[in-house]
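If you want the building blocks of each chain, they are given just below.
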Amino acid sequence: MGKFEITTRKNGEFQFNLKATNGQVILTSQGYKTKASCLNGVESVKKNAQTEARFEKKVAANGKPFFNLMATNGQVIGSSQMYASEVTMNNGIASVMKNAPEAAIVDLTEEA
């Protein structure tokens, strides 16, 4: 089963990574000022990852495909890595859809 890992960035903001069962990061959040808002982001991913229409497929300036997971209000709640092909990107989307709803939350921050 996948898991959400909550960490602290160098600038003090919180972020989460959704990792697949194999430990590979499949979705990364933006930075959040509070842990509570980061946890809300995790819940938003769990809810929105079940709807394929919430995944926005993009191509970076270097030509590599990636995707964003969008909330109902149109905000990006997570972004993928850059993929080698559209096929591997689609596999990444399928992995997020499969792993996110039941993923455990692991808090790796030093804040109690």
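Computed from a prediction, not measured in an experiment: that's the story for all the values here.

What counts, and where the lines are drawn
Residues numbered from 1 in each chain as written. Predicted model: local features only at pLDDT ≥ 70, side-chain atom pairs only at ≥ 80, totals over all residues. Heavy atoms only, no water. Helix = DSSP H or I, 4+ residues; strand = E, 2+ residues; numbered from the N terminus. Rg over C-alpha atoms; globule rule 2.2 N^0.38 Å. Buried < 20%, exposed > 50% of the residue type's maximum accessible area, 1.4 Å probe, protein only. Contact = heavy atoms within 4.5 Å. Salt bridge = Lys/Arg side-chain N within 4 Å of Asp/Glu carboxyl O.

Quick look at the overall build of the chain
Here is step 1: Helix and strand counts for the chain come out as 2 helices and 7 strands.
Here is step 2: In terms of overall size, the chain behaves like a compact globule, its C-alpha atoms giving a radius of gyration of 13 Å where 112 residues would be expected to give roughly 13 Å.
Here is step 3: Each of the three principal axes of the chain carries a C-alpha extent, and together these read 40 × 30 × 30 Å.
Here is step 4: The buried share of the chain, taken over its 112 residues, is 42%.
Here is step 5: For the chain, the share of sequence-separated contacts (at least 6 apart) that also reach a separation of at least 24 residues comes to 46%.

Things to note about the side chain of S95
Here is step 1: Mapped onto the elements of the fold, S95 is located in helix α2 (residues 86-99).
Here is step 2: Classification of S95 as buried rests on a relative accessible area of 18%.
Here is step 3: If we skip the residues at most four places from it in the chain, S95 touches A20 and I26.

Description of the pattern of salt bridges
Oppositely charged side chains can pair when the atoms bearing their charge come close.
Here is step 1: Scanning all chains against the criterion turns up 4 salt bridges.
Here is step 2: As a salt-bridge pair, K3 and E5 come within 3.2 Å of each other at their nearest N and O atoms.
Here is step 3: Judged by its relative accessible area of 11%, E5 is buried.
Here is step 4: In this structure, a network of salt bridges that share partners links the residues K3, E5 and K19.

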